[in-house]
Amino acid sequence: MYYNFCLSFLRKKIKSLSFQLTAVTFFFFSVSNAQVLKTIERKQSFDFDWKFTLGDSVKASAKSYNDNNWRKLDLPHDWSIEGKIEKSNPTGGAGGFFPAGIGWYRKTFNVPATWKSKQVTIYFEGVYMNAEVFINGKSLGVHPYGYTGFMYDLTPYLEKGKTNVIAVRVNNADQPNSRWYSGSGIYRHVWMIVTNPIHIANWGTAVTTPSVSTTKATVNVRTTLNNETDTAQNIVLNTSVSFKNAPTNAKAQNKVLVLPKSSIEVNQNIVVSKPMLWSPETPTLYKAQVQLVKSNVVVDEVPIDFGIRSIKFSTDSGFQLNGKTLKLNGGCVHHDNGCLGAAAFDWAEERRVTLLKAAGFNAIRTSHNPPSEVFLTTCDKLGIMVIDEAFDGWKTTKTKYDYANFFKDWWQRDLESMLLRDRNHPSIIMWSIGNEIIERKKPEAVETAKDLADFVHKTDSTRPVTSAMTTWDKEWEIFDPLMAAHDIAGYNYQLHRAKTDHERVPSRIIVHTESFPRDAFTNWKLVKDNSYILGDFVWTAWDYLGESGIGRWYHNGEPTVNMSKPELFPHHGAYCGDIDLIGWRKPVSHYRSMLYNNNEKLYMAVREPEVAPDSIHTTTWAVWPTWESWTWPGFEGKKIQVEVYSKFPKVRLFRNNTLIGEKMTGEAEKFMAKFYVPYEQGELKAYGVLDEKNVDSCILKSASGAAKLKLTADRKTIKANGQDVSFIAVEVTDAKGIFQANTANTLHFSIEGQGSIAGVDNANLKDTASYVSTERNAWNGRALVVIKSGKKVGTIKLTVSAEGLTSETITLNVK
């Protein structure tokens, strides 16, 4: 039986008990001497020691099934990324031409006799897709959606003191079912949750900050308590707030009677004096420690990280965080981690957020599904605001087997799963209920939007609801009723309509939920000059697999179709990201950051020249290929376009210490200067000019022939937990260490010690070589190796070699 911990099954019980709760709940003044019952860890990792096979077997659910020949692995795991990229694969260009299919996972584990009186739940953070879970041969249910977490109650089926078997059948065979790379398998963490029969409900605590100032803040904590026993239980709910692990005087204590086989919600208000407010500049986090005490013993305890902040939206002041107007420099991101596929290793998720923050983004839209838990936790820690999105579509399919087939029966459960899991994240400022809904021109779409928006507001009234809308024809005003069903109107590629829309509907608050990368300045100016426009979210902030070729550039004679068509093979990814698949910031990323920020003021890149009679063409989502390189052999004496992005009033450009020219770079010039420079080996140097003085500089140097390799690890010490990863950038240089972009050497990787190669990449989305390999060609002088730790303390030594180049070795510590 499906056991949904999204608490929808509690609502009627909670409502019916509201009178009793009011009658028996009162402040209780002393549980300070309560003892903590530390016998069993509440939330235990269930990621390790699984068995896996690709293919179907009707008998694999049985406890007695012989899985000795199955592959041993740990989670998270994505089998699609391990497969061969082929034009014939049924995922097609939308799915990146990767394989899919059906896979089985099994795990044998012991249940101690001490769990006899415990409530045991298994929690899957994400399985793509159609996951059927079995315990000892008993089917617990099927969860279709690949992006929401789900739980099952194992308690009635466990054999205490004996060996038990969990089996999971994952069915991603019906294709196509996604417009981007989805991955296949148990690609996020799995947890075992063990509690006493009287316990805090999973996802059962909501923390909000209804009143915020710099002198004090009110923290509201609503906690749902479950009593699985046959008798009424007198308990004490004790909640305290701490900051940087130091206790504060902010606490609340309530004595509660919980009736047999029922649930109640306890509402507590806690005042925090002189709070540190959460913001992108100061992402301060507090911790609410929620304890359930019975007979002076702590029988359950849940920590909740939260931020104290206020959010407000209006046409007059736009988006205000803690009373201050902020413009959203946003980017859309899909969920894959490049060469790791969909596998959500913690550091891979943290790294993406870290690099997005470094690239100047202050907001992310999780298109078009809820992200991993650690992704949002990192946004909290680093101070990046989030539009958390539930669905790509509603009732009408975009691909034959997509979520529309399940929407009618599942949207409430999946939406509630997202809301309850994510509601305590201060980074989340908006909920999105959809994207470019196919039926958006039909009246029933308005009713669906109202149903979803009302459901969101009932679960969380503290954040507004949006969804992304667009049109590819002249009809636009017909969407006014649909937009009115939302708190904020999301525009995809339609910000040019904002001014006339504001005249027609002056109460409408607008956020540009998707935009073309090349329109960065135009959209920035619209955002800057109009208070009713909250911000701009580029498609995309980070590159992704699937939706093949949407952001490519191409040459004469190559297919001109827009995206995802079979004739675009071997393209298997988008290439429209400001940051490419290995984490390198394209020049457009630096330009966009300068528009919204002042920490980066000068940048220079060179536009790839055309070779007559050939021409370079770009798609609507593409920008011209532009590189951090002044190494262009064969173009000696020919003019090449050099672009300088600047927040200074003026720039000067020198080639080999000779002034090429100077140009203004203010807002009127779109903060950009273009120079047409005859190519000559040596050095290009751009200066930012202030008061006629050269105050900042940017340099590009010509490289000689490829000679060496440079290895740079983003982390040189990783955890010995079998899941930690380090991303090692590989660059080809000349003998002097100058980056050599004109190289495609085959790189060979060998590893020794307490780790393994998890993936290799080069950001070339036409290169169909395996992402799980010990070799990879460099592309434009770069490649990437991802190293995964083992479970023993020690070191990892990675050696990279290539014919004609000096080998290089890097050592990581595993602790």
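These numbers were taken from a predicted model, which means no experiment stands behind them.

What about the packing of aromatic side chains?
Applying the stated criterion across every chain yields a total of 45 aromatic pairs. For the pair Y403 and F407, a centre-to-centre distance of 6.3 Å together with 90 degrees between the ring planes defines the contact as edge-to-face. Taking relative accessible area as the criterion, F407 reaches 1% and is therefore assigned buried. Ring plane angle 70 degrees and centroid distance 4.9 Å describe the contact between W630 and Y679, whose orientation is recorded as edge-to-face. Of this pair, W630 sits in the loop between β34 (626-627) and β35 (639-646) while Y679 sits in the loop between β38 (672-678) and β39 (683-690); the two residues are 49 residues apart in sequence, bridging distant segments of the chain. Owing to a relative accessible area of 0%, W630 belongs among the buried residues under this scheme. By relative accessible area, Y679 is classed as buried at 3%.

Notes on the side chain of R365
Among the secondary structure elements, R365 is positioned in strand β24 (residues 363-365). Given a relative accessible area of 1%, R365 falls into the buried group. Only 3.4 Å separates the side chain of R365 from the side chain of H368, close enough to count as a polar contact. Within polar-contact distance, the side chain of R365 engages the side chain of E514 at 3.0 Å.

A word on the nonpolar core
Grouped together as the largest cluster of nonpolar side chains are 97 residues, with contacts concentrated most on F319, F391 and L415. Considering each element in turn, this core owes the most residues, 7 residues, to helix α6 (residues 443-459). Residues contacting F391, with those up to four places away along its chain left out, are Y145, H368, Y403, F407, W411, D414, L415, I433, G434, N435 and L452. Counting residues in hydrophobic clusters, the runner-up holds 48 residues, among them L581, L602, W632 and L784.

Quick notes on the sheet that holds β38
Reading across from one edge, β34-β32-β35-β38 is the order of the 4 strands in this open sheet, with antiparallel pairing throughout. Among the strands making up the open sheet, the edge pair consists of β34 and β38.

Focus on α6
With 17 residues, α6 should cover 24 Å at 1.5 Å per step; its first-to-last C-alpha distance of 25 Å lies within 8% of that length. Three or more residues of α6 are buried, namely A445, V446, T448, A449, L452, A453, F455, V456 and T459.

Examining the pattern of salt bridges
What the rule picks out here adds up to 46 salt bridges. Among the salt bridges present, the one from D300 reaches R42, with a minimum N-O distance of 2.6 Å. Separated by 258 residues along the polypeptide, D300 in strand β19 (residues 297-306) and R42 in the loop between β2 (35-36) and β3 (43-45) bring together distant segments of the chain. As far as the burial class goes, D300 and R42 line up, both buried. Measuring nitrogen to oxygen at the nearest pair gives 3.0 Å for the salt bridge that ties R504 to D501. Of this pair, R504 and D501 both sit in helix α8 (residues 498-504), 3 residues apart, which is roughly one turn of that helix. You can call D501 buried: its relative accessible area is 2%.

Focus: empty space enclosed by the protein
Following the criterion strictly, the structure yields 7 cavities of 30 Å³ or more and no others. Taken together, 21 residues line the largest cavity, and the ones lying closest to its centre are Y145, N177, D392, D402 and Y403. Of the residues that constitute the lining of the largest cavity, the class distribution is 10 nonpolar, 7 polar and 4 charged.

Here we look at the confidence of the model for the chain
With 95% of its residues at a pLDDT of 70 or more, the chain shows a mean pLDDT of 94. Contacts of residues 1-32 to residues separated by more than four positions or lying in other chains number 76 contacts, the stretch itself having pLDDT below 50.

Brief notes about the sheet that holds strand β8 (residues 131-135)
Taken together, 6 strands build an open sheet; the order of strands is β5-β4-β6-β11-β8-β9 and the sheet is antiparallel. In the strand order of this sheet, the two ends are held by β5 (71-73) and β9 (138-143), each with one partner. The average angle at which neighbouring strand axes cross in this sheet is 25 degrees, direction not considered. Two strands pair when backbone bridges link them, and strand β6 (residues 101-110) and strand β11 (residues 163-172) are joined in this way by 10 bridges, in the antiparallel orientation.

Regarding the pairing of strand β40 (residues 693-701)
Pairing geometry for β39 and β40, over 8 bridges, is antiparallel. Residue pairing for β40: L690 is matched across the bridge by K693. Between β39 and β40, which pair antiparallel and follow one another directly, the connecting turn spans 2 residues, one of which, D691, has a positive phi of 55 degrees.

Some details on the packing of helix α3 (residues 346-358) against helix α4 (residues 373-382)
Between α3 and α4, the shortest axis-to-axis distance is 9 Å and the interhelical angle comes to 40 degrees. As the angle between them shows, α3 and α4 are arranged oblique. As α3 runs across α4, the sense of the crossing is right-handed. The residues of α4 that touch α3, namely those facing D346, E349, E350, R352, V353, T354 and K357, are V374, F375, T378, C379 and L382. In terms of residue class, the contact of α3 with α4 is built from 5 nonpolar, 2 polar and 5 charged.

A few points about helix α9 (residues 520-529)
Looking at α9, one finds that the buried residues are A520, F521, N523, W524, L526 and V527. Buried positions along α9 lie against α8, β29 (510-515), β30 (533-538) and α10 (587-596).

Scoring rules and cut-offs
- Residues numbered from 1 in each chain as written.
- Predicted model: local features only at pLDDT ≥ 70, side-chain atom pairs only at ≥ 80, totals over all residues.
- Heavy atoms only, no water.
- Phe/Tyr/Trp six-rings, centres within 6.5 Å; stacked < 30°, edge-to-face > 60°.
- Buried < 20%, exposed > 50% of the residue type's maximum accessible area, 1.4 Å probe, protein only.
- Helix = DSSP H or I, 4+ residues; strand = E, 2+ residues; numbered from the N terminus.
- Polar contact = N/O pair within 3.5 Å; in protein donor to acceptor, adjacent residues only side chain to side chain.
- Core = buried A, V, L, I, M, F, W, Y, C linked by side-chain atoms within 4.5 Å.
- Contact = heavy atoms within 4.5 Å.
- Pairing = 2+ DSSP bridges.
- Expected span 1.5 Å × (residues − 1).
- Salt bridge = Lys/Arg side-chain N within 4 Å of Asp/Glu carboxyl O.
- 1 Å grid on protein atoms, 1.4 Å probe; cavity = no way out; pocket = protein on both sides within 12 Å on 5 of 7 lines; lining within 4 Å.
- Points joined across faces, edges and corners; volume = space filled by probe spheres on them.
- Nonpolar A, V, L, I, M, F, W, Y, C, P; charged D, E, K, R; others polar.
- pLDDT = per-residue confidence, 0-100.
- Axes fitted to C-alpha atoms, helices over the stretch in contact; angles between N-to-C directions.
- Parallel < 35°, antiparallel > 145°, perpendicular 65-115°, else oblique.
- Left-handed = near helix turned anticlockwise from the far one by under 90°.

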